[in-house]
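# Residue-level structure breakdown
Listed below, chain by chain, are the residues.
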Amino acid sequence: MPVRWLPLLALLMPAATHAAPRPFAVVAHLATNDPDTTKKWLTRQLAEANRHFAGAGIAFEVVETRALPRSFTVVDNIRERIKLRRHFRPRVINIFVVDRVLDPHPSESTRRAARRVGREPSGELAGAHILSGARRVPRTFILASRSASSAVTLTHELGHFFWLPHHRDPGNIMSYGARRQTFDARQIEALEAMARIYRRRRVVRSVGRAGSRGTGSARRGE
Ligand SMILES: [Zn+2]
């Protein structure tokens, strides 16, 4: 653990007005032909998410990394996305990272969000926010493509995980704009409120500070 990086990372984060709460536990499921690149991608994406969510007192930490069957390396369609439910783990944020996510039949939500920034769906997704089905908790999970993504792909999908809808401003993380880079004040408030609910109802467990085995801290700098 390169402890010497932590003060530097702290400088990069927006000043928190209160003690940082315990991070939400993430289980990463990987299906990839290039595990090294994919793990580095995930570390970078989570560091970016932690930077943007810090203002809402939210952080994420990987507690477990699991290998998915190779058949998921390229997720071809919605049926394949739904099959990911079999690998769902309860009471954590499930992030499935694969090499590519194809989208032969874009949803109306995808079309609308693309149209707002003058684009058409490309037939390939950077990420998706998917209902967990049945009585699974939490109610949704995240699928992300490490190849079609931007720097804030995972931040955007995590925004959906806290029920943020799409946003019209192309500079907003919840838009489909090319230069999306911020949450606005209302979104930060909504994120804080939803995080309180998730903690109180134990929808997502937190990572303990003391005695945490921390198998994959998102802040690890490699
Ligand atoms: Zn979205």
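Above this note sits the structure.
Residues numbered from 1 in each chain as written. Predicted model: local features only at pLDDT ≥ 70, side-chain atom pairs only at ≥ 80, totals over all residues.

### Some details on helix α5 (residues 153-161)
Test applied: Counting other C-beta atoms within 10 Å of each residue's C-beta, where C-beta atoms are placed from the backbone, gives the exposure class: buried for 20 or more, exposed for 12 or fewer, partly exposed between. Each helix corresponds to a stretch of at least 4 residues labelled H or I by DSSP, and each strand to a stretch of at least 2 residues labelled E; elements are numbered beginning at the N terminus. Our contact criterion uses C-beta atoms placed from the backbone: two residues qualify when those atoms are within 7 Å.
Burial analysis of α5 places eight of its nine residues in the buried class, the great majority of the element. For α5, the full list of buried residues reads T153, L154, T155, H156, E157, L158, G159 and F161. The secondary structure elements touched by the buried residues of α5 are α2 (35-53), β4 (93-98), β7 (127-131) and β8 (140-145).

### Some points on the pairing of β4
Along any regular strand, the residues point their side chains to alternate faces of the sheet. What counts, and what does not: Strand pairing is assigned whenever DSSP detects at least two bridges linking the two strands.
Counting buried residues in β4 gives six out of six residues, a clear majority hidden from the surface. Pairing of strand β1 (residues 24-31) with β4, which is carried by six bridges, proceeds in the parallel orientation. Of the residues in β4, the one forming a bridge with V27 is N94. Taken together, the four bridges between β4 and β8 define a ladder with parallel strand orientation. Pairing of V97 across the sheet is with A144, part of β8.

### Some thoughts on the nonpolar core
The test is simple: To form a nonpolar core, buried Ala, Val, Leu, Ile, Met, Phe, Trp, Tyr and Cys residues must be joined through C-beta atoms within 7 Å.
By size, the foremost hydrophobic cluster in this structure holds 50 residues, and its most contacted members are V26, I93 and L143. Elements represented by at least two residues in this core include exactly β1, α2, β2 (60-67), β4, β7, β8, α5 and α6 (185-200). Discounting residues that sit within four places of it in the chain, I93 has contacts with F24, A25, V26, F60, F161 and V204.

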